[in-house]
Amino acid sequence: MNKRKVRFNVLVFVVLIALLVTSLASAAQKDGPTVKLSVAQGEFDSGQDVLVTVEISNTTKHTVKILKWYTPADGVEESLFAVTRNGQPVAYTGPIFKRPAATGKDFISIKSGESITSVVNLGEYYDLSAGGQYEVFYAVASFNMFNEKGNAFKLKDVLTSEKISFNAKGGNGKGKPTPPPPPPPGGNTFNACTVEQQDLLVAAREQAKIYAANSQSYLDANKQGSRYTTWFGVFSTSRYNTVRDNFTAISDAMDNAGIEFNCKCKQNYYAYVYSNRPYEITVCKVFWQVATAGTDSKAGTLIHEMSHFDIVAGTDDVVYGKTGAQNLASSDPNLAVTNADSHEYFAENTPSLP
């Protein structure tokens, strides 16, 4: 199955869960913010920007918080919308981040009766290259949407909107810029990286090669110890084969792909990639603050980011952090095998598990 289709199927699953939670009168939905989408016109000619206004309102009687990653307040950093064209899913083409665990400063507070409004150029983040009838609604879900402490993994918090629709003639996105010459096979190229940063990235890739090869060897040997079950849950042949195929592809890419490293990012994240643009990896502020090896390391971050590429493993960021990944393995192993951090922690294997 196409990796992007897998990613969208996960999104659809999340949306269905969101609607289910809504139908069950989830406390988070009843007592949380609401979202309204609007678009200025119903028809867009080729080349026109499709501008969607997102209004997040607090209609409760108290202040509410929302994790800003799941809003467009600082720009779109997640797949915030479910988009279809003539009833078929439209791919998210925006950035996919590895972040530290959320803290209080990552939340936006909205007072009772207030709203925050953002305008999103939809074509910068979704493939609007083909003409047709588009339908869009807001659809995000997270275990810590409204509280950094989460909700004990009982249910995901959700935020959805009513659907909007419009016709577009196609070519309403960014277009496809001419890519730079690819790095040599197995080599590295650098953009805005100092000599010291280049040395650190080379060392991180070498360690990532070791991690990937070790992970592949473990899975090729059909081991089913606590190292596997901690991060991917109870054994099933299909899930095990998925993880093994993922690490075969990750190891091959770490050994043989030409990677372009970009050091321009100053955000308080580890790194990000665009899943449809292999093998470009942008590293951010936190990346330079961690060790080369070990938990949430530079090398582990490269494993995480490599797994996101559609032509490698097509993973998602279902949850972040070791605790979240362990809980996901216990509660939903089908999602664990699609989670990038689960692959990273399996590869880092710190502390070592059999």
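A brief report on the enclosed structure follows. (Residues numbered from 1 in each chain as written. Predicted model: local features only at pLDDT ≥ 70, side-chain atom pairs only at ≥ 80, totals over all residues. Heavy atoms only, no water.)

Regarding the state of the cysteines
Operational definition: Criterion for a disulfide: a pair of cysteine sulfur atoms at a distance within 2.5 Å. Helix and strand definitions here come from DSSP, where helices need a minimum of 4 consecutive H or I residues and strands a minimum of 2 consecutive E residues; each element is numbered from the N-terminal end. Buried, partly exposed and exposed residues are distinguished by accessible area as a fraction of the type maximum, computed with a 1.4 Å probe on protein chains only: under 20%, between the cut-offs, and over 50%, respectively.
Counted by the stated rule, this structure contains two disulfides. Cys193 shares a disulfide with Cys263; S-S distance 2.0 Å. Of note, the bridge from Cys193 to Cys263 carries an S-S torsion of about 90 degrees and is right-handed in sense. Of this pair, Cys193 sits in the loop between strand S13 (188-191) and helix H3 (195-220) while Cys263 sits in the loop between strand S14 (259-262) and strand S15 (271-274), and the two are 70 residues apart along the sequence. In terms of burial, Cys193 and Cys263 fall into one category: buried.

Focus on the sheet that holds strand S1 (residues 34-39)
The strands that make up a sheet are held in pairs by hydrogen bonds between backbone atoms, and each pair lies either parallel or antiparallel. Selection criterion: By definition, two strands form a pair when at least two bridges between them are found by DSSP. A fitted line through C-alpha atoms represents every axis, and for helices the fit uses only the stretch in contact; the resulting angles, taken between N-to-C directions, go from 0 to 180 degrees.
Overall, antiparallel pairing links the three strands, which are arranged S1-S3-S9 in an open sheet. Of all the strands in the sheet, just S1 and strand S9 (115-121) have a single pairing partner and so form its edges. Here the average twist between neighbouring strands, direction ignored, is 20 degrees. The sheet contact formed by S1 and strand S3 (residues 51-57) spans six bridges and is antiparallel. The partner of Lys36 across the bridge, within S3, is Glu55.

Brief notes about the pattern of salt bridges
The following threshold applies: Whenever a carboxyl oxygen of Asp or Glu lies within 4 Å of a side-chain nitrogen of Lys or Arg, that contact is scored as a salt bridge.
Per the stated rule, a full pass over the model turns up eleven salt bridges. Between Glu135 and Lys163 there is a salt bridge, with its nearest N and O atoms 3.6 Å apart. A residue pair is termed long-range when its members are at least 10 positions apart, and Glu135 in strand S10 (residues 132-142) and Lys163 in the loop between strand S11 (157-160) and strand S12 (164-168) qualify at 28 residues. Using a relative accessible area of 30% as the deciding quantity, one classes Glu135 as partly exposed. Given the relative accessible area of 52%, Lys163 is considered exposed. Where Glu280 meets Arg277, a salt bridge forms, and the shortest distance between an N and an O atom there is 3.1 Å. Judged by relative accessible area, which is 24%, Glu280 ranks as partly exposed. Among the charged side chains, a salt-bridge network with shared partners connects Lys98, Asp296, Asp341 and Glu344.

This is a description of form; function is not addressed.
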